[in-house]
Number of protein chains: 2
Amino acid sequence: MNIITCVAPVNIAVIKYWGKRDEKLLLPLNDSISATLSVQQMHAKTTVMASPGFKEDKLWLNGKEETVHNQRLQNCLQEIRRRAKQNEDDKVNGVSNWYAHICSENNFPTAAGLASSAAGYACLVYALAQLYNVTGDISGIARQGSGSACRSLYGGFVRWHQGSACDGSDSIATQLAPHSHWPEMRILVLVVSDKRKKVSSSSGMQNSVKTSELLKYRVSHCVPKRTEAIIKAIISKDFDTFADITMKDSNQFHAVCLDTFPPNVYMNDTSHAIVNLIHAYNSASGKTKVAYTFDAGPNACLYLLEHEVPKLVSVICQIFPPENEGVQYLQGIPVEKQAVSQEFIASIGMEPQQRGLLKYLIHTEVGPGPQILSEPHHHLLTEAGLPKVLV
Amino acid sequence: MNIITCVAPVNIAVIKYWGKRDEKLLLPLNDSISATLSVQQMHAKTTVMASPGFKEDKLWLNGKEETVHNQRLQNCLQEIRRRAKQNEDDKVNGVSNWYAHICSENNFPTAAGLASSAAGYACLVYALAQLYNVTGDISGIARQGSGSACRSLYGGFVRWHQGSACDGSDSIATQLAPHSHWPEMRILVLVVSDKRKKVSSSSGMQNSVKTSELLKYRVSHCVPKRTEAIIKAIISKDFDTFADITMKDSNQFHAVCLDTFPPNVYMNDTSHAIVNLIHAYNSASGKTKVAYTFDAGPNACLYLLEHEVPKLVSVICQIFPPENEGVQYLQGIPVEKQAVSQEFIASIGMEPQQRGLLKYLIHTEVGPGPQILSEPHHHLLTEAGLPKVLV
């Protein structure tokens, strides 16, 4: 088998990764923790193929050929091949000496700003590891493609250890708990309309390390305490503490971005209106029912338990009405309709916003790690090693 | 003379005050530094009158009667009267035993969110001190009305010392340099359209002290270094350093607000678009020509030197066009029209925003402290002690 197709999940951090101590090896300044989302709703899909007939490595992303001479891609390819060569099997077959064709796509809009590179690199490294029979931890390889990609190699709740070794060998991901541990956990992604230019998270975090004094304190004093506390909350399924830390860490990450010079602003007025809604919703509920978290973009990821989903979705649809009735506003896992009392809406105390501030909602859950798709029709490459679909 | 009318200025901090160590005495967690704006463009105006015929203390704010049973107002009245009683002159006349009528107004919209309480309390305390012949430092009294009011009692560049005494006696304002020291300094206030509910700065900072871990670090590590550095920059008229620290401290203050739980968000998308414009303008100019700073609201205060005003105003009018041509968009000190090259505009690289994001601009300068208006027509109270104008 010289062709492999895999899917890999998106992960959403609850303790944020922001700041590298090594730009080349992508070693972080702090531990981070995430949940891995189900591949049913969102995933990267990658086909890799190796052949003695290929003249060079080639790459197609979302139907377009891209250069392979990209340092991060090269880091992954070289490291996978180095590991393959340690392999008895490879010494016989020499597959690691063959060039590879790589074809990858996301089933969600890249523009949605949903950490597509993490899923993409996790998928690439997982697929290459299968192709070249590389065993053992590969999260440290994915990390060299895109830092947080290492977390997408495991399902459930995952910790990326900052590590201390200079070569990065201990900066890897481990699973804290499988997705079956907390089966009630749900995630609602609110895709926010935005027209601004995006500052890439890579250059954004580089600038934060250079200029933010608050980052130093966050990394050395705040994150270690939070990491220990949220691990306990995950293990004991203590939603209150989990939600509290998740929201505070998201806010602190964006605070550090604002303390960067020039400031990096990823949240917009709609993002902040969502924050206000969630605080008002929790307060009207008399306890913490929902947590928000925002990555390097305006979209919100909400964590909540299954039984709360119908009510929250109903409230969101009232406060953030869709642009028009034609759009498929709620995507992903179907949600039962639930009428919410006017009293509850009134106690939230927030007027409906103008239409179309949100593009759509994706309802998903915590899921397992990358998976192999073994049926031939899943391959994105033909037998000749060319993309089945080009844009 | 048992009637006094004064005007007092607004001040705009460049090192921000955020967080109290004593809620009752209004003692801050850190030193702060501001420039005092000219009373020509913006001021609070207050008439105070004392009479043996008055039956009680009375207060009118912007033409409406308000209660005097407000802790902060009482702090100021009681302290002024206590100090007056130490006075030989008062022992003879006993003016401090008479009730006072107080009438105050701002010449700028309170809704503009321009620290009206600082100018208001500075004006009140200055006028009462005149009326009751209180001499010596009165900034510590104004501080008990509204913390930053103490800075409005001096002109030019002012430092509010956090102090260390439990009774707050050393938490007073002192002048760093008079307004004549740096006569080229100009301030442009950009009044931003906003419909959100405002979190009062008083409860906002209380919540920051309670919940923000980053605030502790800001107060103990960042502010002391910045304070020393910006004082040097003011004394040596080093605009580059002054501007750099001003922007960083504004950003850090808003970062701490975001790190508060629930977060306090005072800047909106328009505020951040202004930040982007100023960074792009400085970068296109090849050096730092303008600094922004934001208080607990969405409005921007820009610091710049006189010679740069026509060019910056022209650029702002292009990037942030007024709602319609009818509005008087530029208020305050007149500005010469200046054509800006299309090359410069292009190098800023920012598209004109939708109309009406800014309500108007106020062009002003650094000015002296409170002043007495001695002509009778300036009084806001009639000889009978009632407001000349009621709303």
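Residues numbered from 1 in each chain as written. Chains lettered and ligands numbered in written order. Predicted model: local features only at pLDDT ≥ 70, side-chain atom pairs only at ≥ 80, totals over all residues. Heavy atoms only, no water.

What follows deals with the interface of chain A and chain B. Counting residues at the interface gives 29 residues for chain A, matched by 29 residues for chain B. For the pair chain A and chain B, the summed buried area comes to about 2,500 Å², and 65% of that belongs to carbon and sulfur atoms. Among the ionic pairs, Glu213 of chain A bridges to Lys225 of chain B, the shortest N-O distance being 3.6 Å. Across the contact surface, chain A and chain B share 3 residue pairs in polar contact (both at pLDDT 80 or more). Contributing elements (two or more residues each) for the side of chain A that touches chain B: α6 (213-235), α7 (239-258) and α8 (269-285) of chain A. Here the side of chain A that touches chain B gets 8 residues from one element, more than from any other, and that element is α7 of chain A. Classifying every residue of the side of chain A that touches chain B by side-chain character gives 12 nonpolar, 8 polar and 9 charged. (Contact = heavy atoms within 4.5 Å. Buried area = accessible area lost by both parts, 1.4 Å probe. Salt bridge = Lys/Arg side-chain N within 4 Å of Asp/Glu carboxyl O. Polar contact = N/O pair within 3.5 Å; in protein donor to acceptor, adjacent residues only side chain to side chain. Helix = DSSP H or I, 4+ residues; strand = E, 2+ residues; numbered from the N terminus. Nonpolar A, V, L, I, M, F, W, Y, C, P; charged D, E, K, R; others polar.)

Here we take up the sheet that holds strand β6 (residues 44-51) of chain A. Residues and elements named next belong to chain A. Judged by pairing direction, the sheet is mixed, and its 6 strands sit side by side in the order β8-β7-β9-β6-β1-β17 without closing on themselves. Across the chains shown, the open sheet's two edge strands, defined by having one partner strand only, are β8 (64-66) and β17 (371-372). Direction of pairing for β6 relative to strand β9 (residues 99-106): antiparallel, over a ladder of 8 bridges. Of the residues in β9, the one forming a bridge with Lys45 is Glu105. (Pairing = 2+ DSSP bridges.)

This brings us to the packing of α6 of chain A against helix α6 (residues 213-235) of chain B. Here α6 of chain A crosses α6 of chain B at 155°, and the two axes come no closer than 10 Å. Compared by their axis directions, α6 of chain A and α6 of chain B come out roughly antiparallel. In terms of crossing hand, the pair formed by α6 of chain A and α6 of chain B is right-handed. Mapping the contact onto sequence places Glu213, Leu214, Tyr217, Arg218, Cys222, Lys225 and Arg226 of chain A in α6 of chain A and Glu213, Leu214, Tyr217, Arg218, Cys222, Lys225 and Arg226 of chain B in α6 of chain B. For the contact of α6 of chain A with α6 of chain B, the per-class residue count stands at 6 nonpolar, no polar and 8 charged. (Axes fitted to C-alpha atoms, helices over the stretch in contact; angles between N-to-C directions. Parallel < 35°, antiparallel > 145°, perpendicular 65-115°, else oblique. Left-handed = near helix turned anticlockwise from the far one by under 90°.)

Least-squares fitting of chain A to chain B yields an RMSD of 0.0 Å, with the superposition described by an axial translation of 0.0 Å and a rotation of 180°. Both copies are brought into coincidence by an operation consistent with a two-fold rotation axis. Residue Ala255 of chain A, judged by its C-alpha, is the member of chain A lying nearest the rotation axis, at 2.1 Å. Comparing interface residues between copies, 100% of those in chain A also lie at the interface in chain B; the contact surface is shared. (Least-squares fit on C-alpha atoms with pLDDT ≥ 70 in both.)

What follows covers the pairing of strand β1 (residues 3-8) of chain A. Residue and element names in this part refer to chain A. Counting buried residues along β1, 6 of its 6 residues qualify, which places the element largely inside the surrounding structure. Taking every second residue as pointing to the same face, both faces of β1 are buried, with Ile3, Thr5 and Val7 on one and Ile4, Cys6 and Ala8 on the other. By the bridge criterion, 6 bridges tie β1 to β6 in an arrangement that is antiparallel. Across the sheet, residue Val7 finds its bridge partner in β6, namely Lys45. (Buried < 20%, exposed > 50% of the residue type's maximum accessible area, 1.4 Å probe, protein only.)

A word on the domain arrangement of chain A. All names here are of chain A. Splitting chain A by domain gives domain 1 (3-179 + 370-378) and domain 2 (185-365). Between the C-alpha centres of domain 1 and domain 2 there is a distance of 27 Å. Every contact between the two is made by 28 residues of domain 1 and, on the other side, 46 residues of domain 2. Counting the surface lost from both domain 1 and domain 2, the interface buries some 3,000 Å², and carbon and sulfur atoms represent 70% of this. It is Val14, Lys16 and Trp18 that lose the most area in domain 1 upon contact with domain 2, and together they represent 29% of the buried surface on that side. Counting across the domain 1 and domain 2 interface gives 2 salt bridges. Close ionic contact of Asp295 with Lys16 constitutes a salt bridge, the shortest N to O distance being 2.6 Å. If you look at where domain 1 meets domain 2, you find 9 residue pairs in polar contact (both at pLDDT 80 or more). Broken down by secondary-structure element, the contributors of at least two residues to the side of domain 1 that touches domain 2 are β2 (11-15), β5 (32-36) and β10 (157-160). When residues in the side of domain 1 that touches domain 2 are grouped by element, the largest group, 4 residues, is from β2. Here the residues of the side of domain 1 that touches domain 2 are counted per class, giving 16 nonpolar, 6 polar and 6 charged. (Domains from an automatic or database assignment.)

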